[in-house]
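Listed below, chain by chain, are the residues.
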Amino acid sequence: MIIQICVGSSCHLRGSEEIVKLFTKAIEKYKLDSEVTLVGNFCAAKCNRIGVTVTLDDVIHTGVTPENFNSFFEENVLKSLGKVE
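**Student:** Before we move on, can you summarise the packing of helix α2 (residues 16–29) against helix α3 (residues 69–78) with the specific residues and values?
**Tutor:** Across the interface, α2 lies against α3 with an axial gap of 11 Å and an inter-helix angle of 55 degrees. On the basis of their axis angle, the class for α2 and α3 is oblique. In this structure, α2 crosses over α3, and the sense of that crossing is right-handed. Touching Leu22, Phe23, Ala26 and Ile27 of α2 are Phe69, Phe72, Phe73 and Val77, all from α3. A per-class count over the contact of α2 with α3 returns 8 nonpolar, no polar and no charged.

Below is the structure:
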């Protein structure tokens, strides 16, 4: 799975640096280093008033925040990789 986190100016102002840190910690916690590639990308052209834009493989998600990160990661990463039911 390729996880792209928007680090363009809008997402940067909405906390992309913190989202990168949360993804890094979660990938380490679940030992997903061999299954996940984490990269930054510039504007995904899906700016939202709240949160950061994250692309998982080719699916764009908007509004990722530190507050909803855990549920987002479980629903969209762990489930996709078959790590939770």
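Read on, since the account is not over.
**Student:** Which residues make up the nonpolar core, and what are the values?
**Tutor:** By size, the foremost hydrophobic cluster in this structure holds 20 residues, and its most contacted members are Ile3, Phe23, Val54, Phe73 and Val77. In terms of residues, this core owes the most to one element, α3, which gives 5 residues. Valine 77 has contacts with Met1, Ile3, Phe23, Leu32, Leu56 and Phe72, leaving out every residue within four places of it along the chain.

**Student:** Any chance you could break down the pattern of salt bridges for me, citing the residues and the numbers?
**Tutor:** Scanning the model with the defined rule gives 3 salt bridges in all. Residues lysine 21 and glutamate 17 are paired through a salt bridge, measuring 3.9 Å at the closest nitrogen-oxygen approach. Taken together, the residues span about one helical turn, with lysine 21 and glutamate 17 both in helix α2 at a distance of 4 residues. Taking the relative accessible area as the measure of exposure, lysine 21 reaches 43% and is therefore partly exposed. For glutamate 17, a relative accessible area of 49% translates into the label partly exposed. One salt bridge connects lysine 83 with glutamate 35, and the closest N-O pair in it is separated by 3.0 Å.

**Student:** Can you tell me about the state of the cysteines, naming the residues and giving the values?
**Tutor:** Joining two cysteines, a disulfide is a covalent bond between their sulfur atoms. In the structure shown here, the tally under the stated rule is 0 disulfides. A disulfide-free cysteine, cysteine 6 has its sulfur positioned 3.6 Å from the sulfur of cysteine 11, the nearest such atom.

What counts and how
Residues numbered from 1 in each chain as written. Predicted model: local features only at pLDDT ≥ 70, side-chain atom pairs only at ≥ 80, totals over all residues. Heavy atoms only, no water. Axes fitted to C-alpha atoms, helices over the stretch in contact; angles between N-to-C directions. Helix = DSSP H or I, 4+ residues; strand = E, 2+ residues; numbered from the N terminus. Parallel < 35°, antiparallel > 145°, perpendicular 65-115°, else oblique. Left-handed = near helix turned anticlockwise from the far one by under 90°. Contact = heavy atoms within 4.5 Å. Nonpolar A, V, L, I, M, F, W, Y, C, P; charged D, E, K, R; others polar. Core = buried A, V, L, I, M, F, W, Y, C linked by side-chain atoms within 4.5 Å. Buried < 20%, exposed > 50% of the residue type's maximum accessible area, 1.4 Å probe, protein only. Salt bridge = Lys/Arg side-chain N within 4 Å of Asp/Glu carboxyl O. Disulfide = S-S within 2.5 Å.

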